[in-house]
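What the coordinates show
Residues per chain are reported as follows:
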Amino acid sequence: MDNQAPIRALNRRSMQLLQLGFPVLAVGVLMAIIGALLRTIRLVPRGDRLDGLYELVCVALIILGLILLVIGGAVVIRAITRRRSNELASLTGDFLQRTGQFDEQFTFISNINRGGLGYIDAVLVGPPGALVFRIVDAQGVFVNEASNWMLQKSGGQLRLWRTNPTKQVIDDIDHLRQYLVKHKLRDVPVYGIIVFTSSQQTTHITETAATVPVSHLETLPQNLHREYLKAPQRIPPAATQAVKRLLLN
């Protein structure tokens, strides 16, 4: 099994965002300074018939400059803080690779983040199709009923869990399906699974008609046979390679 992350693509997109953000930031600073200077060193005397228009232009320059400052700053911050690694996804990929149960036809792609698709923890691409991973690092006692999640409190009562990995992975599945259709790969089936990286000793999960399969990392190879690996060959090798290239490049 090939275990990859689209690092080059992520770095390239971060650089593109910086190349966009800094000029916008610079133009915003320049416009705001020019507007402020024109109000301080007036080129049109107060009371002149053009005074109102002059003041409007100055204020417009300052406001537009501040707007560009905010936009440019947000783009630069996004580029700098863009997530370039996902330790939980890397852990999962390394584990699957060590099992030796997946041959060279399978590729585990982690930390996918691109426009038109959004962020996905990881996708396993192979002859059975594409499998979307939602990877969770949480401990405790959980109850998963259909798409709902409950967490047991210290007193034993169940309360609604603020995190809903089922909803998250379903959203990721829908986004990936739409993305594949957009790139003329509509025949690739897309599945999903929720993986808890903590052990069964520290995390207990009770499932009732779960909408999406749930697994501990240590039992993941066996649980993949519940749905994803039921049919070993759903798509041809050419489609597998096309999905791999699409998610990595």
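Coordinates for the structure precede this section.
Thresholds applied
Residues numbered from 1 in each chain as written. Predicted model: local features only at pLDDT ≥ 70, side-chain atom pairs only at ≥ 80, totals over all residues. Heavy atoms only, no water. Helix = DSSP H or I, 4+ residues; strand = E, 2+ residues; numbered from the N terminus. Expected span 1.5 Å × (residues − 1). Buried < 20%, exposed > 50% of the residue type's maximum accessible area, 1.4 Å probe, protein only. Arc of directions from axis to C-beta. Contact = heavy atoms within 4.5 Å. Core = buried A, V, L, I, M, F, W, Y, C linked by side-chain atoms within 4.5 Å.

On to helix 6 (residues 237-248), then. Compared with an ideal rise of 1.5 Å per residue, which puts 12 residues at 16 Å, helix 6 spans 17 Å between its outermost C-alpha atoms and is within 8% of the ideal. Among all positions of helix 6, only Ala239, Thr240, Ala242, Val243, Lys244, Leu246, Leu247 and Leu248 are buried.

Turning our eyes to something else, we now look at helix 3 (residues 87-99). It helps to recall that an α-helix has 3.6 residues per turn; residues three or four apart then point in one direction. Taking 1.5 Å as the rise per residue, helix 3 with 13 residues should run 18 Å; its terminal C-alpha atoms sit 19 Å apart, in good agreement. Listed as buried for helix 3 are Ala89, Thr92, Gly93, Phe95 and Leu96. All buried residues of helix 3 project into a common sector of 160° when viewed along the axis, lining one side. In this structure, helix 3 carries Glu87 and Arg98 as exposed residues pointing more than 90 degrees from its buried face. Among the structural elements, strand 1 (2-4), strand 2 (107-114), strand 3 (118-126), strand 4 (129-136) and helix 5 (220-223) are those in contact with the buried residues of helix 3.

Turning our eyes to something else, we now look at the nonpolar core. Looking at soluble globular proteins, one finds that nonpolar side chains tend to be buried together. Core analysis: the biggest nonpolar cluster contains 34 residues, and Val123, Leu176, Phe196 and Leu247 have the highest contact counts within it. Of all the secondary structure elements, the ones that give two or more residues to this core are strand 2, strand 3, strand 4, strand 6 (148-152), helix 4 (165-182), strand 8 (190-196) and helix 6. Examining the composition of this core, we find that 6 residues originate from one element, helix 6, more than from any other. In this structure, Leu176 is in contact with Leu117, Ile120, Val123, Ala130, Val132, Val190 and Leu247, ignoring residues within four places of it in sequence. Of all hydrophobic cores here, the second largest spans 20 residues; its members include Met1, Ala89, Phe133 and Leu229.

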